[in-house]
Amino acid sequence: MEHLKEDKKTKLSEFPDAFEQARIEKGYGEIDDQNDPVTMLLRLKDVRKTAHNWKTFISGAEPGRIVVPSEVHIRDIRQIPFEVDPPEHKSYRDLVEPWFKRPLEEGYQKVLKTIIDELIDEVLTKDQFEVVGDFSLKLQSRALTTLLNVPYKESETWIDWGVHVFRSEDTDLDGGKANILFDYLDEKIEEASKNPGDDLYSLLLSAVVDGKKMTKEEVKGVMILTFAGGRDTVINAVTNSIAYFAEHPNSLKRIAQEPEITGRAVEELVRYFAPLTHMGRVVTEDTQVCEHAIKNDSRVSLCWASANRDSAVFENPNEVVLDRKVNPHVSFGFSTHNCLGATHARQILKILLTSLAEKVSDIEIKDAKENIEEWGEFNRKVGFKNITVSFN
Ligand code: EMZ
């Protein structure tokens, strides 16, 4: 990898801010997505205000339409609570919230620690390994068995699906691939309804929301979100963190010496990487953002990645300040629809940092291919297609 050694100027763990100019000059950007244009909101203040205004900027549009790229052509099942607006949203959210807060329990964290330690020990025996497929995807899938409370062995199936359940190598929207997940969920929902256990499927199948028993379709909607929403995002966060520590070995040493900063380090890495670039909303009336007219029934997106680099809010936004004190980032969204899986994701990252600091003294990058998303005029690095490293 000669070019890596020569080109010290741009580090692989650097994630440039693709939106700076547009954010400063206009505050928004316009992109096309499958002939259904999207106005991207780029400033933190506007992103928060818009996320908060669920009446004018709804999530409960046609299923798949608030996702960018839109998934309307590959699914018609509504993801819950993600694609439901208040007041119904609250009833669903209240139902699932305690379950998704379980990562705060000590026993849960112990299980995660074992999963992560075993994985690190596994790759430590290899000369080198590819992080995305051989580390992050495995970690995400194995940890998901804890979140769902299902047998560990299920993770083998999920690992075989690859990084994204709706996207593949050649296409951003792969209907065939989505159907693998949908069929799998139908089967698991049937199994749990015949033979209830103490897993998430069973909890949902027995749940009553607003006086009505949840339907299998609704259960599937929650499960799709659980599988799809926390997959490539967690994989990016884990992979990018490893790239960062490869190029900043002192930061890993610092975490070993000052474990009390681990929580802040996680927030800062998540701010800097913004594993999910943006999320959309559909507008319910003619309105305006940044003096820009937005028509009823058109789409906007809340660009978390841009908002996180807004110099009106963050000092030195393009630097990773490991123990950044004030960090109102929006990587987990904001307001009503803030990330349901955030507690789980944060624990994964905290334990990952702790275990890396305990077990790994040196990470060397051997080869890497960046994953650049193309949004009209904006090219945004979100992670790596692959990155081969060695742990010592
Ligand atoms: C949706 C989304 C949720 C979408 C928080 O993000 O994640 C995307 O990866 C999925 O494709 O369907 O779940």
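Structural notes, computed from the coordinates. (Residues numbered from 1 in each chain as written. Predicted model: local features only at pLDDT ≥ 70, side-chain atom pairs only at ≥ 80, totals over all residues. Heavy atoms only, no water.)

Surrounding the ligand, one finds 13 residues, the nearest of these being Glu71, Gln79, His164, Phe166 and Ala228. Separating an oxygen atom of the ligand from a side-chain N or O atom of Gln79 is a distance of 2.6 Å. Its free accessible area being 340 Å², the ligand has 90% of it covered by the protein chains. Here the shell around the ligand gets three residues from one element, more than from any other, and that element is helix H10 (residues 216–229). Taken together, the residues that form the shell around the ligand break down as seven nonpolar, three polar and three charged. (Near = heavy atom within 4 Å. Polar contact = N/O pair within 3.5 Å; in protein donor to acceptor, adjacent residues only side chain to side chain. Areas by Shrake-Rupley, 256 points an atom, 1.4 Å probe, with all protein chains shown as cover. Helix = DSSP H or I, 4+ residues; strand = E, 2+ residues; numbered from the N terminus. Nonpolar A, V, L, I, M, F, W, Y, C, P; charged D, E, K, R; others polar.)

So, about unusual backbone geometry. The residue after Val68, namely Pro69, is reached through a cis peptide bond having omega 5°. Its location among the elements puts Pro69 in the loop between strand S3 (57–58) and helix H4 (88–100). Of the consecutive residues Pro86 and Pro87, the connecting peptide bond is found in the cis state with omega at 0°. The backbone phi angle of Ala274 is positive, close to 35°, even though this residue is not glycine. Along the chain, Ala274 turns up in the loop between helix H13 (262–273) and strand S7 (278–283). We classify Ala274 as buried; its relative accessible area is 1%. Located in the positive-phi region is Asn316, a residue other than glycine, with phi close to 40°. (Buried < 20%, exposed > 50% of the residue type's maximum accessible area, 1.4 Å probe, protein only.)

Another aspect to go through is the pairing of strand S12 (residues 378–391). The element S12 is extensively covered by neighbouring structure, given that 11 of its 14 residues are classed as buried. The pairing of strand S4 (residues 129–130) with S12 spans two bridges and is antiparallel. Bridge assignment links Glu130 to a residue of S12, and that residue is Thr388. Here strand S11 (residues 363–375) pairs with S12 via 12 bridges, running antiparallel. Residue pairing for S12: Trp375 is matched across the bridge by Phe378. The antiparallel pairing of S11 with S12 creates a hairpin that spans two residues between the two strands, and Gly376 there sits at a positive phi of about 50°. (Pairing = 2+ DSSP bridges.)

Bringing the state of the cysteines into the picture now. Note on terminology: a disulfide is the covalent bond linking the sulfur atoms of two cysteines. Taken as a whole, this structure holds zero disulfides when the rule is applied. Note on Cys290: no disulfide assigned, nearest cysteine sulfur contributed by Cys303 at a separation of 12 Å. Among the cysteines around Cys339, which has no disulfide bond, Cys303 carries the closest sulfur, lying 17 Å off. Look at Cys339 and you get partly exposed, because its relative accessible area is 33%. (Disulfide = S-S within 2.5 Å.)

When two helices pack together, their arrangement is captured by the angle between the axes and the distance separating the axes. Relative orientation of the contacting elements H13 and helix H15 (residues 342–359) amounts to 115°, with a least axis distance of 9 Å. Handedness of the crossing formed by H13 with H15: right-handed. Packed against H13, whose contacting residues are Thr262, Gly263, Ala265, Val266, Glu267, Leu269 and Val270, the element H15 presents Arg346, Leu349, Lys350, Leu353 and Thr354 at the interface. Split into classes, the residues belonging to the contact of H13 with H15 amount to six nonpolar, three polar and three charged. (Axes fitted to C-alpha atoms, helices over the stretch in contact; angles between N-to-C directions. Left-handed = near helix turned anticlockwise from the far one by under 90°. Contact = heavy atoms within 4.5 Å.)

Here the structure, examined in full by the defined rule, presents 29 salt bridges. Between Arg65 and Asp36 there is a salt bridge, with the nearest N and O atoms lying 2.8 Å from each other. Of the two residues, Arg65 is situated in the loop between S3 and H4 and Asp36 in the loop between strand S1 (28–31) and strand S2 (38–41); the sequence distance between them amounts to 29 residues. As a salt-bridge pair, Asp323 and Lys325 come within 3.5 Å of each other at their nearest N and O atoms. Judged by relative accessible area, Asp323 falls into the buried class, the value being 16%. Salt bridges linked by common partners bring Asp33, Asp36, Arg65, Asp297 and Arg299 together as one network. (Salt bridge = Lys/Arg side-chain N within 4 Å of Asp/Glu carboxyl O.)

Where helix H11 (residues 232–247) contacts H15, the axes come no closer than 11 Å and their chain directions differ by 25°. Between H11 and H15, the interaxial angle falls into the category roughly parallel. In terms of crossing hand, the pair formed by H11 and H15 is right-handed. The segment H11 lies against H15, with Val234, Ala237, Val238, Ser241, Ile242 and Phe245 engaging Ala345, Ile348, Leu349, Leu352, Leu353 and Leu356. Within the contact of H11 with H15, the residues separate by chemical class into 11 nonpolar, one polar and no charged. (Parallel < 35°, antiparallel > 145°, perpendicular 65-115°, else oblique.)

Quick look at the packing of aromatic side chains now. Considering all chains together, one arrives at 14 aromatic pairs under this definition. Here the aromatic rings of Phe19 and Phe378 are separated by 4.9 Å at their centres, their planes lie at 55°, and the arrangement is tilted. Here Phe19, found in the loop between helix H1 (2–6) and helix H2 (20–25), pairs with Phe378, found in strand S12; they are 359 residues apart in sequence, far enough to count as distant. Overall, Phe19 belongs to the buried group, its relative accessible area being 1%. Exposure remark for Phe378: the relative accessible area of 2% places this residue in the buried category. Judged by centre distance (5.3 Å) and plane angle (75°), the rings of Tyr244 and Phe245 are edge-to-face. Under the relative-accessibility criterion, Tyr244 is labelled buried at 5%. In this structure Phe245 comes out as buried when scored by relative accessible area, which is 1%. Through pairs of rings, three or more aromatic residues link up here, namely Phe15, Tyr272, Phe273 and Phe384. Between Arg102 and the ring centre of Trp99, over which it is positioned, the NZ or CZ distance is 4.0 Å. (Phe/Tyr/Trp six-rings, centres within 6.5 Å; stacked < 30°, edge-to-face > 60°. Lys NZ or Arg CZ within 6 Å of the ring centre and 35° of its normal.)

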